[in-house]
Amino acid sequence: MITYICKRTVVSTKPAQAGKCNPLSVFDRLMEKNHIRIVYYFPSTRNGEPGVVTKKLRESLSHVLTCFPIVTGRLQKKDDGHWMIKCNDAGVRMVEARTQGSVEEWLKNVNRDKELMLVTWEDMFHKPYFWATFYVQLTEFEEGGLAIGFSCSHLLADPTSATMFVKAWADTTLAGTMLAPPFFHPLPPPRLGNKNPNHNPYTDLINHYKSTIDDRSPAFTNNITNYVTATLAFSGPMVQACMLDTSRPSPFEAMAGLLWVCVSKVKGMKQGLISMSICLDMRKQLGLDKGFFGNCLVYNKVHHAESLLDKSELSEAARAVGESVTKMNNERIMDLIEWLEHHDYEFPPLMNGHDLICANLEDLDPYATLFEEGFVPIRVSYYVEPVFGIGQILVLQSPPSEGPLSRMVMVTLPADELSKLCDDDLILRFNPTILMG
Amino acid sequence: MPQILPDFSNSVKLKYVKLGYQYLVNHILYLLLVPIMVAILIEVLRLGPYEILNLWKSLHFDLVQILCSSFLIIFIATVYFMSKPRHVYLVDYACYKPPVTCRVPFATFMEHSRLILKNNPKSVEFQMRILERSGLGEETCLPPAIHYIPPTPTMEAARGEAELVIFSAMDSLLQKTGLKPKDIDILIVNCSLFSPTPSLSAMLINQYKLRSNIKSFNLSGMGCSAGLISIDLARDLLQVHPNSNAVVVSTEIITPNYYQGNERAMLLPNCLFRMGGAAILLSNRRRNRSRAKYRLVHVVRTHKGADDKAYRCVFEEEDKEGKVGISLSKDLMAIAGEALKSNITTIGPLVLPASEQLLFLMTLIGRKIFNPKWKPYIPDFKQAFEHFCIHAGGRAVIDELQKNLQLSAEHVEASRMTLHRFGNTSSSSLWYEMSYIEEKGRMKKGDRVWQIAFGSGFKCNSAVWKCNKTIKTTTDNPWSDCIDRYPVHIPEIVKL
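Small disclaimer: the values here were computed from a predicted structure and weren't measured. (Residues numbered from 1 in each chain as written. Chains lettered and ligands numbered in written order. Predicted model: local features only at pLDDT ≥ 70, side-chain atom pairs only at ≥ 80, totals over all residues. Heavy atoms only, no water.)

Details of the sheet that holds strand β12 (residues 356-361) of chain A
Residue and element names in this part refer to chain A.
1) Next: The strand order across the open sheet formed by seven strands is β11-β10-β12-β14-β15-β9-β16, and the pairing between neighbours is mixed. The open sheet terminates on both sides in strands that have one partner only, identified here as β11 (297-301) and β16 (433-436). Averaged over neighbouring strand pairs, the angle between their axes works out to 25° when direction is ignored.
2) Next: Of the pairings in the sheet, the one linking strand β9 (residues 227-234) to strand β15 (residues 407-414) comprises eight bridges and is antiparallel in character. When the bridges of β15 are listed, Ala230 appears paired with Val411.
3) Next: Helix α12 (residues 415-422) contacts β9, β15 and β16 of the sheet and is inclined by roughly 140° relative to β15. (Pairing = 2+ DSSP bridges. Helix = DSSP H or I, 4+ residues; strand = E, 2+ residues; numbered from the N terminus. Axes fitted to C-alpha atoms, helices over the stretch in contact; angles between N-to-C directions. Contact = heavy atoms within 4.5 Å.)

Describing empty space enclosed by the protein
1) Next: Scanning all chains against the criterion turns up six cavities of 30 Å³ or more.
2) Next: In terms of residues, the lining of the largest cavity owes the most to one element, helix α4 (residues 106-116) of chain B, which gives three residues.
3) Next: Space inside the second largest cavity adds up to approximately 90 Å³.
4) Next: For the second largest cavity, the full set of lining residues is Phe42, Thr45, Val53, Lys56, Leu57, Leu146, Phe371, Glu372 and Phe375 of chain A.
5) Next: Ranked by residues supplied to the lining of the second largest cavity, first place goes to helix α2 (residues 52-65) of chain A with three residues.
6) Next: Taken together, the residues of the lining of the second largest cavity break down into six nonpolar, one polar and two charged. (1 Å grid on protein atoms, 1.4 Å probe; cavity = no way out; pocket = protein on both sides within 12 Å on 5 of 7 lines; lining within 4 Å. Points joined across faces, edges and corners; volume = space filled by probe spheres on them. Nonpolar A, V, L, I, M, F, W, Y, C, P; charged D, E, K, R; others polar.)

Structural notes on the packing of helix α7 (residues 203-214) of chain A against helix α11 (residues 330-342) of chain A
Residue and element names in this part refer to chain A.
1) Next: Between α7 and α11, the shortest axis-to-axis distance is 9 Å and the interhelical angle comes to 35°. Of the two possible hands of crossing, α7 and α11 adopt the one that is right-handed. Seen from α7, the contacting residues are Leu205, Ile206, Tyr209, Lys210 and Ile213; seen from α11, they are Arg332, Ile333, Asp335, Leu336, Trp339 and Leu340.
2) Next: When the residues that make up the contact of α7 with α11 are grouped by side-chain class, the tally is eight nonpolar, no polar and three charged. (Left-handed = near helix turned anticlockwise from the far one by under 90°.)

Concerning the UniProt feature "active site" (unreviewed entry) in chain B
All names here are of chain B.
1) Next: The feature "active site" (unreviewed entry), as given by UniProt, occupies Cys224, His303, His387, His391, His420 and Asn424 in the numbering adopted here. In summary, the annotated positions, distributed over 201 residues, remain apart in three dimensions as well, the widest C-alpha pair reaching 28.6 Å. Annotated residues from the preceding list that form part of the lining of the largest pocket: these are Cys224, His391 and Asn424.
2) Next: For His303, a relative accessible area of 51% corresponds to the exposed category. (UniProt positions renumbered as here; feature names shortened; annotations may be inferred. Buried < 20%, exposed > 50% of the residue type's maximum accessible area, 1.4 Å probe, protein only.)

What follows is the structure, given as C-alpha cells:
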C-alpha cells in the first residue's frame, strides 16, 4: 500500500524574530480538541523522476514558511492560562511517502480510512511546547500523480486559513511570490463607548455556545462508533433545481436543507428534524481581510418549526437554515466575542460534538492551488476531526470543470446510516455522483 | 576627579615610553647604521677627492685576484638564491555555503533530540544547556541525513554530503581562480572522520578528470587542525616541485558521526559540529605572484601526543551501549592552553619584533636569576599580527585564547562571528574567518594573519600569512548575504 520513506522537519529559510509571541483569540481557543485534514490530489506532472517534485516542494515550503512564523512556532500557555504561540522557528513536520498505481486509480476505490492515510497527524503531546502543530505529507504515485496531505491543529487555523496557506505555498512554488499575503491580527476589539445601555446581547448565539461549553455529556468521551465519510457530487443543474424547490437564493442553504431532511430520515426521525448547527466563516461580517489567519468560524443552532407536511419539509428546512445564516451578523458576532472574552471555561469544549454540524466551506477556492502551471487539483477533500455525536456535513466547492453552481458534499455518519442515506429517495432525486463511500 | 587625572597622565606617559622603546629596539640596526654612514661621509668629505683617488691607486689589484673574487661573489650569490626556499602563494580560496534548507534552528535541534532520546531526559537537558551557551546562531546547517527523524547516517548519505560540500567548494574555487583542472599538480584532501575507499581525493580526481600523474594525498584522523597540516604538506611539496599548483580541500563530513547514544561527554560534538568545507589554491609559479592574495610565511606544528592525558583528551570510542562517539575530556581547556604555550614558544622568535623578544628574554633571565616571583612576560602578539583567525572550536576555546594572548574583542570578532553563523566546521573554520575579515574590508596589503588551530592528538598548529595585495570585497563568498548584519552581540546564555 503506502510506503513511508522518511519523516523530517522543514524550517523557514530566514530565522524568525526572536522572542515574538502571538496570543490566540477566543475563537481559536474553543477549537482545541479539533484538527483539520485536507488532501489535494494532483495529476501526473512532466517530471517523471521520483523524488524531484518532493524536493522542489520541500524547498518552496521552506521559503513560504518565512512569512508564516505562527506555523513554525509552538504552543505555550501564557500567565493567564490561555494559549499563545511562541514563534521559535521549530518548523513543520513533513512525511514523504510513495504508493503504487496512479492517482486516478486510487480515486476510484478510495474511502475515508484510506484517504486519511495520506495525511499524517499526531495528537498533542503531554508537553505541547515540543509538539508540531502543522504536518505535511507528500505521497508520490509510482505511475503518476501526487497527493499532498495537510493537517493542522484547529487552534491555529480554520479551513479557510489552511487553504490559504497551501495556496501561498503553491504560489511560491510556481512564481516565487505569494499573491495574497497573510494577515496576522487579533479579532476586532469590542466597541468602546457609544454602547446602547439597553442593548440586549443576542442571546441565541451566546446560549448555543454556553450550552456547548457546559456540555460534559459522555457523547464525546466515548468513541466506538465507526464513522464513514461519503463524498457526493451534485452537478450544477441539480443544485439549481434544489434551489428552485426550496426557493432559496443560496446553494448552501438549499444543500443544507436537503441534507438535513435526509439525515433526519435515516436517523429514524418520523416527525421533525434532528438538531443541527451550521458553521459559517465570519470574515466578511467582521470586516476582516480574506487573508486573516486564524479561526473565524462561528457555529449557530438552526431553529425550525415542528410538524409540517412531508412535501414542504425541504423548503421549511432550507428556510430555517437561511434564517440562521441571516441572524449571524456583525453585531451579534461582536456580542459573542465579548461574552467569550469574559467567560473562562475549565475544559475546552468540542464544538462539533453534539449536533449534526453543517459547515459552509464553499468559498475556500482550493482548486486555484496550482503548484505547476496548468496542473489543477483533481479533487480536494476536507476533514474536520474528530467527529462525534450525530455527524458532520461539509459543503464544498466542486472542481471548476463542473461549473460554478455544482457542489461537493462530504457527509460523515455512522456506517449503517450512511449507506441508508445514499439510497434515500429524496437525495437520489438530485442525482448525485458518489465519488467516495 | 583629581585622583583620576594623575593615573591617566601616568598611563599616557607609559604608553609613549613603551612606543619609544619599541621603536628604538625594532629599528636598532637602522639607528646604528645612520651614525656610521654619517661618519664615513664626513671622513670622505674631509679627505677630498684627490686623496681618495690616491688611496684607490695604492691598492694593487691584478687580474687573477679580480677574477677570483668576482667568481666567488657570483658563486655565493648563486648558492644563496638556489637554497632560498620557494615562496608559496595562496592564490585564492573558496568556502562552501550550505543551502538555506539545511538550516537547523535551536528549537528544531532540541525537538529532534527529544524525539530521538525520549528515554533520557537528562541527556536532552544537557544538550539544551550546551546549546544555550554555545555561541552558535540560528543559521548553522546540518547535512540532510541528520534532519530525518530518526537520522539515517548511511554510507551513501555520507558520500552524498561529501560530494555536495567538496564539489561545490571546488567548483567555486575553479571559477574564482580560472584554474583548469588539468593544471592541478598536487591535491591534498583532509577530512578527519570519514575515510571511504576509494578516498575523497580519488573522488575529486574522478569528478574533475584530473591528470594521471597528479600527486594526491588524503589525510584522515588528524582532527580539526588537519587544515594547517595539509597546508604544511603542500608547502613542503611545492619546495620540491617547481612551477606547480597545489589544491588543498579541508572539510569535515558530519553524517556518519552523529552520536546516537546518551553519554554526555560524547553528545557535545553533536551540538557544535556543523556542515562546512573550503578549497584553497596554493602555487609557487612566478606568474601567480602578482595576483595571489597571500604569501605563506611560517607554519609551526606542535604535537603534545607524548603526554598521555593530552593523547586521550579527544578520543573516539564506543560507549556502554556500543555506540561510537567522540568523547571530550574535562581538562581539554587546560591541555589546549599547554599546547598553545608550546606553539607560542616556537613561533614567538620567528614573528615577534625584537623589542618584544628582548623584553621576554630579560624577564626570563630575571626570573631565573634574580627573583622567581616576577610575573612571566606574555609577549604582545598584537604587534606581530594585524589579524587573528582562531579555530572556532567552541566559545570556551575562543575565550581562553583571547585571555591568554590578551586580544581585544575586535581581534577575535572573526572567530566568534564564524562560530555564530556557521558553527564549528572543523578544519575549514579558519577559512570562513579569513573570508569574514576580507569581506569586512579590513585586509590590507602587508597585513600579517595568524591562523591557530587545535586538534585531537593533542595538536596545536599555526600558520602565518602575509597579505600580498589589498583585498576588495566580493559577492561570491559565504558571507555575502549576511555580512551587513555582523558583528552581532552574542548573549552569554540564549534562552530556549
